[in-house]
Amino acid sequence: METGTTGGTGRPEWVGLPGGLLTLRRLLLVIWTVLPAVVTAVVLGLTAGPVWAAGGAFWLLVLAWGWVLLGRNWRSWRYAERADDLLISRGVLWREETVVPYGRMQLVEVASGPLERRFGLASVQLHTAAAATDAKIPGLAPAEAERLRDRLTELGEARSAGL
């Protein structure tokens, strides 16, 4: 029985993350940079003069830089289900690809914190016998996270029965 996603070339079909994760991360970036920008501008304006209040613009530059980096990082995340393992790829400068064999999976969790639930997101956490190969796929739609959990659990049980 052939399982997993492969294209006509035998190469895995990569699935990217939904846009909700990018929206959540960018919202947090705005919150954590606009507040310091305002505080810096007010403090410098009151203590050093109105010209120095422009120092708060530093945080707006951090916001612009972070906005671009978050977009690049979000686009780098992807995963692919193959016949015998799950591939997870991420990273912009330092690419990291994790291969998790189905037979080595011990636990598959779906987690969703308060902010993730507000944005309709969930994460899938994979635990294996070796702690170094534990993997996480963040920012999935809850239905996809549950489907992936059930499928990985089913495939893991089938593969580990043969060990």
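Not measured: the values here are computed from a predicted model. Throughout this description, residue numbers start from 1 for each chain and increase along the sequence as written. For this predicted model, a pLDDT threshold of at least 70 governs which residues receive local features, and a threshold of 80 or more governs which side-chain atom pairs are given and counted, while totals over whole chains, interfaces and linings are taken from all residues. Values shown for side chains rest on all heavy atoms present in the structure; no hydrogens or waters enter the calculation.

## Digging into the packing of aromatic side chains
Keep this limit in mind: We call Phe, Tyr and Trp rings a pair once their centres come within 6.5 Å, taking the six-membered ring for Trp, and we label the pair stacked below 30 degrees between planes, edge-to-face above 60, and tilted otherwise. Under the scheme applied here, a residue whose accessible area is under 20% of the maximum for its type counts as buried, over 50% as exposed, and between as partly exposed, the area being computed with a 1.4 Å probe on protein chains only. Geometrically, a charge over a ring is one whose NZ (Lys) or CZ (Arg) sits within 6 Å of the ring centre while staying within 35 degrees of the ring normal.
In the structure shown here, the tally under the stated rule is 1 aromatic pair. The interplanar angle of 75° and the centroid separation of 5.2 Å between the aromatic rings of Phe58 and Trp59 together place this pair among those described as edge-to-face. The class of Trp59 is partly exposed, set by a relative accessible area of 27%. Seen from the ring of Trp14, Arg78 lies directly overhead, with NZ or CZ sitting 4.2 Å from the centre.

## Focus on the confidence of the model for the chain
Heads up, the condition is: Here pLDDT means the predictor's own confidence in every residue, given as a number from 0 to 100. Under the scheme used here, helices are H or I runs from DSSP no shorter than 4 residues and strands are E runs no shorter than 2 residues, and both carry numbers assigned from the N terminus.
Mean pLDDT over the chain stands at 87; residues scoring 70 or higher make up 90%. When mean pLDDT is compared element by element in the chain, helix H2 (residues 57–76) scores highest at 95, while helix H4 (residues 142–161) scores lowest at 87.

## A short note on the side chain of Ser123
Applicable threshold: For the purposes of these results, a polar contact is taken to be a pair of N or O atoms within 3.5 Å, where, inside protein, one atom must be able to donate a hydrogen and its partner to accept one; residues adjacent in sequence count only when each atom of the pair is a side-chain atom. Contact criterion: two residues are considered in contact whenever any of their non-hydrogen atoms come within 4.5 Å of each other.
Checked against the element boundaries, Ser123 lands in strand S6 (residues 122–128). Only 3.1 Å separates the side chain of Ser123 from the side chain of Glu116, close enough to count as a polar contact. When residues no more than four places from it in sequence are discounted, the contact partners of Ser123 are Glu109, Val110, Ala111, Glu116, Lys136, Ile137, Pro138 and Gly139.

## Focus: a nonpolar patch on the surface
Our working rule: Only residues whose relative accessible area exceeds 30% and that form no salt bridge are eligible for patches; like-charged ones are grouped when within 9 Å, while nonpolar side chains (Val, Leu, Ile, Met, Phe, Trp, Tyr) are grouped when within 5 Å. Only the protein chains shown count as cover for residues, and all accessible areas are computed by the Shrake-Rupley method using a 1.4 Å probe. Salt-bridge detection follows one rule: a side-chain nitrogen of Lys or Arg within 4 Å of a carboxyl oxygen of Asp or Glu.
Side chains of Leu27, Leu28, Ile31, Trp32 and Leu115 sit close together on the surface and give an oily, nonpolar patch of about 490 Å² of accessible area. What makes Leu27 partly exposed here is its relative accessible area of 39%.

## Here we look at the packing of helix H1 (residues 19–47) against H2
The test is simple: Note on definitions: angles span 0 to 180 degrees between N-to-C directions of axes, and those axes are lines fitted to C-alpha atoms, for helices only across the stretch in contact. Angles below 35 degrees are treated as roughly parallel, those above 145 as roughly antiparallel, those between 65 and 115 as roughly perpendicular, and all remaining angles as oblique. Note on convention: near helix rotated counterclockwise from far helix by under a right angle means a left-handed crossing. Clockwise means right-handed. Each residue is assigned to one of three groups, with Ala, Val, Leu, Ile, Met, Phe, Trp, Tyr, Cys and Pro labelled nonpolar, Asp, Glu, Lys and Arg labelled charged, and all others, Gly among them, labelled polar.
Put simply, H1 and H2 touch, their axes get as near as 9 Å, and they point 170° apart. The orientation of H1 relative to H2 falls into the category roughly antiparallel. Crossing of H1 against H2: the hand is right-handed. Two secondary-structure elements touch here, H1 through Gly19, Leu21, Leu22, Arg25, Arg26, Leu29, Val30, Thr33, Pro36, Ala37 and Thr40 and H2 through Trp59, Leu60, Val62, Leu63, Gly66, Trp67, Leu70, Gly71, Asn73 and Trp74. When grouped by side-chain class, the residues that make up the contact of H1 with H2 number 13 nonpolar, 6 polar and 2 charged.

## Some points on the sheet that holds S6
As a reminder of what qualifies: Two strands form a pair only when DSSP identifies at least two bridges running between them.
Spatially, 3 strands are ordered S5-S6-S7 in an open sheet, and the strand pairing comes out antiparallel. At either margin of the open sheet sits one strand with a lone partner, and together these are strand S5 (105–111) and strand S7 (135–140). The sheet shows a mean angle of 15° between the axes of neighbouring strands, direction not considered. Sheet analysis places S5 next to S6, joined by 6 bridges and oriented antiparallel. Looking across to S6, one finds that Val108 is bridged to Leu126.

## Here's the deal with the nonpolar core
Rule in force here: Remark: nonpolar core denotes a set of buried residues (Ala, Val, Leu, Ile, Met, Phe, Trp, Tyr, Cys) joined through side-chain atoms within 4.5 Å.
Counting 22 residues, the largest nonpolar core has Leu86, Ile88, Leu126, Ile137, Leu140 and Leu152 as its most contacted members. Those elements giving two or more residues to this core turn out to be H1, strand S3 (85–90), S5, S6, S7 and H4. The leading source of residues in this core is H4, at 4 residues.

## Considerations on the sheet that holds strand S4 (residues 96–101)
The strand order across the open sheet built from 4 strands is S1-S2-S3-S4, with neighbouring strands paired in antiparallel fashion. Every interior strand has two partners, whereas the edge strands, strand S1 (15–16) and S4, have only one. In terms of strand pairing, S1 meets strand S2 (residues 78–81) through 2 bridges, oriented antiparallel. Paired with Val15 across the two strands is Tyr79, which belongs to S2.

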